[in-house]
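Coordinate analysis (summary)
Here's the letter readout for the chains.
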Amino acid sequence: MLGLAKKRIWKSNAMKPSYDAVIIGGGLHGLATAYYLARNHGMKNVAILEKRFIGFGGAGRNTAIVRANQRTQQNIPLYKEALDLWPVLTRELDFNLMFNNCGNLNLMHSEAAMNAARMNTATAQFHGVESHLLDAHQVKEMEPALNISPDITYPIHGAMYHPPGGVVRHDAVVWGLAKGATKYGVHIHQQTEATSIHTDNGRISGVSTSRGRIRTPRVLISAGGYSAAVIHRMLGLKLPISVLTIQAMVTQPLKPLLNHVVSSGAYHAYANQTLKGEIATGAHMDPWPNYTTQNTAHYIKHQAEALSEFLPCLRGVKFMRIWGGLADMTPDMAPIMDGNDPVEGFFMDCGWGYFGFKSCSATGKYMAQYIAEGECPEILKPFHLRRYEQHRLMGETAALVNYTPDN
């Protein structure tokens, strides 16, 4: 040892008996909300309660892809702002988030898919998001490793190209936001479980934890895949959320061969090459609700078969690591961001499915505004819980549900 003191990225503090706001969940959305509460609104007496350690859940179990080429007019502005914020946050936090806007190629495998992509591209362009429709030969020019021959299961007809998208290092975002939040005075309490929420005359009054009780008039639950269960247990509110496992893996390091993030809905597979040369790849969710992060041989087989068809150069490459995370899916694949309903001072930020990482920067900014000012920002209004009761589902992927909130 050289005798030099190691400086921690974020601080540890003793728990106070009261806070102006308590955030349950030490993931990306909770950290971002706390950071913006302190930075933008001067609300520095804020506590983050994390049962395990910050970044334990979906924040550290994703493939780090960011984009803003969603389908609906409600979603696109939020994801666009989130995408625009990555370089801003890198400067503000004085922390390298390793943002690489290498661009996204969403492959299309039929004329019907190409027609849908034309509409998606037009919607994105209308909202100021750069997006282009490419034919198969243009796709091949951009990504020479792709197989555009007609003799594969789902031949490539073209792609939707989204240049501003790319990847951000997810654990760097966790550490950077924790650093920024504690710099402004936010307390991060790891290994601290929230056990119950207290109310008084329809208002939030406090939170009980594994380390004692805290008085607070505001509580945000933003616990990723665990949010729905926590909200139901603490407030008795049932949410239209199914929790599904989603798996991902990386290959052995390779020389550079992928220039962009490449995804295919038909193959249910996506891939990008990391800075270490690994091919990080994921697919769709497991089809049954569960709270495990276990991995399956079926998924490994699926990825190997899919990637070796549209990226044949990967045949024979070894998978090195595999992991699973939880996706909290709503019926319309859009999140729930709401407040003061059914209890004043209670806020929720959940139901993100596999889009949570992409949105955390902008969502934290606007949820902080909501909590500090008490009025829902315009950009968040479409994502209220009562849309299910009113049968006003969004068009990302809507399915009919029968939902009646518990009051």
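Remember, it's a predicted structure, so these values are computed and weren't measured experimentally.

Right, let's get into the sheet that holds strand β15 (residues 269-273). Within the open sheet, the eight strands sit side by side as β5-β6-β4-β14-β15-β16-β13-β17. Their pairing is mixed. The open sheet is flanked by β5 (132-135) and β17 (319-329), the only strands paired with a single partner. When strand polarity is set aside, the average angle formed by the axes of neighbouring strands in this sheet is 25°. The sheet strands contacting helix α7 (residues 297-310) are β4 (104-108), β13 (242-251), β14 (261-264), β15, β16 (279-289) and β17, and the helix crosses β16 at an angle near 135°.

When the pLDDT values of the protein chain are averaged, the result is 93; 96% of them are 70 or greater. Across residues 1-5 the pLDDT falls below 50, and counting only partners more than four positions away or on other chains, this stretch makes zero contacts in the model. Within the model, the stretch residues 398-407 combines pLDDT values under 50 with 23 contacts to residues more than four positions away or in other chains.

Axis separation between helix α1 (residues 28-41) and helix α2 (residues 75-93) bottoms out at 14 Å; the angle between their running directions is 70°. Considered as vectors, α1 and α2 are oriented roughly perpendicular to each other. In this structure, the crossing between α1 and α2 has a hand that is left-handed. Judged by residue contacts, Tyr35, Tyr36 and Arg39 of α1 engage Leu85, Leu89, Glu92 and Leu93 from α2. Residues that form the contact of α1 with α2 fall into these classes: five nonpolar, no polar and two charged.

Next up on the list: the packing of aromatic side chains. Between two aromatic rings, the relevant description is the distance of the centres plus the angle of the planes. The tally for this structure, following the rule as stated, stands at 11 aromatic pairs. For the cation-ring pair, Arg61 lies above Phe56, with the distance from its terminal atom to the ring centre recorded as 5.9 Å.

The next thing to look at is helix α6 (residues 227-235). Along α6, the residues classified as buried are Ser227, Ala228, Val230, Ile231 and Met234. On an axial view of α6, the arc spanned by its buried residues comes to 165°, and they lie on one face. On its buried face, α6 sits against β1 (21-24), β9 (194-200), β12 (219-221) and β19 (346-350). Two residues or fewer past α6, Gly236 is found with a positive phi of approximately 75°.

This part takes up the layout of surface pockets. Each pocket or cavity is described by its volume, and for the second largest pocket that value is around 650 Å³. What lines the second largest pocket is a set of 31 residues, among which Arg169, Asn272, Thr274, Leu275 and Ala280 lie closest to the centre. At the level of elements, α5 (170-183), β15 and β17 are the ones that each hand at least two residues to the lining of the second largest pocket. Of the residues in the lining of the second largest pocket, the class split is 14 nonpolar, 11 polar and six charged.

Moving on, we come to the sheet that holds β12. Pairing is mixed in the open sheet, where six strands are placed in the order β8-β2-β1-β12-β19-β18. Since the sheet does not close on itself, it has two edges, and those belong to β8 (187-189) and β18 (336-339), each with one partner. In this sheet, adjacent strand axes meet at a mean angle of 15° when their direction is disregarded. Note that β18 and β19 share four bridges and pair antiparallel. In the sheet register, Ile336 faces β19, and the bridge partner there is Cys350.

Across its 14 residues, α7 extends 21 Å between first and last C-alpha, which sits within 8% of the 20 Å expected from 1.5 Å per residue. Lining the buried residues of α7 we find β4, β13, β14, β15, β16 and β17.

With that settled, consider the pattern of salt bridges. Counted under the stated rule, the structure contains 13 salt bridges. Between Asp171 and Arg169 there is a salt bridge, with the nearest N and O atoms lying 2.7 Å from each other. Take Arg169: its relative accessible area is 38%, and that puts it in the partly exposed class. Among the salt bridges present, the one from Glu278 reaches Lys276, with a minimum N-O distance of 3.9 Å.

Before going further, it helps to examine the nonpolar core. Leu78, Trp86 and Leu380 are the most contacted members of the largest nonpolar core, which totals 66 residues. Those elements that place two or more of their residues in this core are β1, α1, β2 (46-49), α2, α5, β13, β17 and α8 (356-373). In contact with Leu78, not counting residues within four places along its chain, are Met337, Trp352, Ala362, Thr363, Tyr366, Ile379, Leu380 and Phe383. In this structure, Val22, Ile214, Ile231 and Cys350 belong to the second largest nonpolar core, which totals 28 residues.

Cut-offs applied
Residues numbered from 1 in each chain as written. Predicted model: local features only at pLDDT ≥ 70, side-chain atom pairs only at ≥ 80, totals over all residues. Heavy atoms only, no water. Pairing = 2+ DSSP bridges. Helix = DSSP H or I, 4+ residues; strand = E, 2+ residues; numbered from the N terminus. Axes fitted to C-alpha atoms, helices over the stretch in contact; angles between N-to-C directions. Contact = heavy atoms within 4.5 Å. pLDDT = per-residue confidence, 0-100. Parallel < 35°, antiparallel > 145°, perpendicular 65-115°, else oblique. Left-handed = near helix turned anticlockwise from the far one by under 90°. Nonpolar A, V, L, I, M, F, W, Y, C, P; charged D, E, K, R; others polar. Phe/Tyr/Trp six-rings, centres within 6.5 Å; stacked < 30°, edge-to-face > 60°. Lys NZ or Arg CZ within 6 Å of the ring centre and 35° of its normal. Buried < 20%, exposed > 50% of the residue type's maximum accessible area, 1.4 Å probe, protein only. Arc of directions from axis to C-beta. 1 Å grid on protein atoms, 1.4 Å probe; cavity = no way out; pocket = protein on both sides within 12 Å on 5 of 7 lines; lining within 4 Å. Points joined across faces, edges and corners; volume = space filled by probe spheres on them. Expected span 1.5 Å × (residues − 1). Salt bridge = Lys/Arg side-chain N within 4 Å of Asp/Glu carboxyl O. Core = buried A, V, L, I, M, F, W, Y, C linked by side-chain atoms within 4.5 Å.

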